[in-house]
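This is what each chain is made of:
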Amino acid sequence: MTIAQAERFYEQDTKDYEIEKNKDFLIWLKTSIKDGYYCFIKTEELQELIDNIVNWYEIKYPERELEYFEGTKHMDFQDIKRISDVMDIRQLLFRLPHKQLCLMKCGYRAKGWGQRPIYENGKEIGCKTQIFMRIDRKTEEECDSLWDKNPYFLLHADYMTGEVSNCYELEEYLNSEERIGLDELLSIFNEKYTDELDFTELKKSVYNHNCDIELRHRILQLVALKLLYSRNTIPERGYERAKRFINEFNKKLGLTLSTEEIDEVINRDYTNGERWEMVLRTYVDEYDEEHSYWTVENVAKKDQPKEESKGIKRLAKRMFNKNRY
């Protein structure tokens, strides 16, 4: 882009990546909360998350490195090694505050959670985080003895995947021994057992998880937008960083971030109807000699005003006569 085109590019920046100015985002968040979403992170922290990732990628892919791929070499920094391979997403997540990290992970949430050990060959090699929630049986009569069914049972699931742990209480409701996730279990309960079970906590867990995923998606798309419009660079390099960010997050975290918005923004027409090119012109001097000269003109203008055309010719003629004498 030319300087004038870049100015028009930045003039169209509506700063949607500043959350407090993004009405569409705030409306979605407010509506989701009204529908039962428990948002565990404040908007100020979401803004900080956007800024943290943007800063990370501007350090990861500095101007001089992008200039190198454009053909510009900085001889004073030939000994500098690239750090982009070291600054992977795992390193980024390690440096995020707790709530921002939780949003990036997007694990399932519930009132109860805990950790159970993982064994291999009889040795404990780690631990696994699990959530648990209460499923109530809709029984009219109270349990009179230990032999009666308990009025509720606890449902356990993996924090990250939502995979449900097998328990004998579920056997009477599930025909298959295959492992299923919380989303699938909710569908089964909704279809078959709404009259027998109260699974309010399961509904909340799945809904919160779906909203968390949507929130993460929206925030990361705003990261790409801020990288594109960054004033620390030029539009072309901002676009390159935004593309790299999207590709890396999609690949490493299995996301579905889109380049559609940044593609549309960078491909808009910022020429304002202008197209400046070097043009070869000729003129005849007072001695009827023809001369040629190069000039920069707006070639998009087919019919140049006569006064402007005469002015260019007079200027070229004066420059020729000055050099001649």
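None of these values were measured; they are calculated from a predicted model. (Residues numbered from 1 in each chain as written. Predicted model: local features only at pLDDT ≥ 70, side-chain atom pairs only at ≥ 80, totals over all residues. Heavy atoms only, no water.)

Asks: What should I look at first to understand the environment of Arg 268 in this one?
Replies: Mapped onto the secondary structure, Arg 268 falls in the loop between helix 10 (260-266) and strand 5 (276-284). What makes Arg 268 partly exposed here is its relative accessible area of 30%. Spatially, the C-alpha atoms of Arg 268 and Phe 9 are 8.5 Å apart, while their sequence positions differ by 259 residues. Not counting residues within four places of it along the chain, the set of residues in contact with Arg 268 comprises Gln 12 and Tyr 229. (Helix = DSSP H or I, 4+ residues; strand = E, 2+ residues; numbered from the N terminus. Buried < 20%, exposed > 50% of the residue type's maximum accessible area, 1.4 Å probe, protein only. Contact = heavy atoms within 4.5 Å.)

Asks: Got a minute to help me understand a nonpolar patch on the surface in this structure?
Replies: A cluster of nonpolar side chains, namely Ile 59, Ile 83 and Val 86, defines an oily patch on the protein surface of about 280 Å² accessible area. Mapping Ile 83 onto the fold places it in the loop between helix 4 (63-70) and helix 5 (89-94). Here Ile 83 falls in the partly exposed class, since its relative accessible area comes to 42%. (Patch = residues over 30% accessible without salt bridge, like charges linked within 9 Å, V, L, I, M, F, W, Y side chains within 5 Å. Areas by Shrake-Rupley, 256 points an atom, 1.4 Å probe, with all protein chains shown as cover. Salt bridge = Lys/Arg side-chain N within 4 Å of Asp/Glu carboxyl O.)

Asks: Any chance you could explain unusual backbone geometry here in plain terms?
Replies: As a rule of thumb, non-glycine residues mostly have phi less than zero, and peptide bonds are mostly trans rather than cis. Phi angles above zero are rare outside glycine, and Lys 15 is one such case at about 55 degrees. Here Lys 15 is to be found in the loop between helix 1 (3-11) and helix 2 (23-34). Its identity is not glycine, yet Cys 106 carries a phi of approximately 55 degrees, on the positive side. Within the fold, Cys 106 resides in the loop between helix 6 (98-105) and strand 1 (112-120).

Asks: I would appreciate a short explanation of the nonpolar core in the present structure.
Replies: Among soluble globular proteins, nonpolar side chains are generally buried collectively. Ile 53, Tyr 57, Met 104, Leu 215, Leu 220, Phe 245 and Phe 249 are the most contacted members of the largest nonpolar core, which totals 51 residues. Of all the elements in the fold, those that place two or more residues in this core are helix 1, helix 2, helix 3 (43-60), helix 5, helix 6, helix 8 (200-229), helix 9 (235-253) and helix 10. Ranked by residue count, the leading element in this core is helix 8, at 11 residues. Contacts of Ile 53, omitting those with residues within four sequence positions, involve Leu 92, Met 104, Leu 220, Val 223 and Phe 245. Leu 155, Leu 170, Tyr 173 and Leu 182 belong to the second-largest nonpolar core, a separate cluster that totals 24 residues. (Core = buried A, V, L, I, M, F, W, Y, C linked by side-chain atoms within 4.5 Å.)

Asks: How do you make sense of helix 3 when you look at a structure like this?
Replies: In an α-helix, one turn spans 3.6 residues; hence positions three or four apart end up facing the same way. Given a rise of 1.5 Å per residue, 18 residues ought to cover 26 Å, and the 26 Å separating the end C-alpha atoms of helix 3 matches this to within 8%. Among the residues of helix 3, Leu 46, Gln 47, Leu 49, Ile 50, Ile 53, Val 54, Trp 56, Tyr 57, Glu 58 and Lys 60 are the ones counted as buried. (Expected span 1.5 Å × (residues − 1).)

Asks: Help me out: how do you make sense of the pattern of salt bridges in this one?
Replies: Summed over the entire model, instances satisfying the criterion amount to 14 salt bridges. Its salt-bridge partner being Glu 172, residue Arg 137 comes within 3.3 Å of it at the nearest N-O pair. One end of the pair, Arg 137, is in strand 2 (residues 123-137); the other, Glu 172, is in the loop between strand 3 (152-158) and helix 7 (182-192), with 35 residues separating them in the sequence. Residue classification places Arg 137 among the buried residues on the basis of a relative accessible area of 12%. Glu 214 is the partner of Arg 218 in a salt bridge, and the nearest nitrogen-oxygen pair spans 2.9 Å. Of this pair, Arg 218 and Glu 214 both sit in helix 8, four residues apart, roughly one helical turn. For Arg 218, a relative accessible area of 26% gives the class partly exposed. Shared partners join several salt bridges into a network, and the residues in it are Glu 63, Arg 237 and Arg 241.

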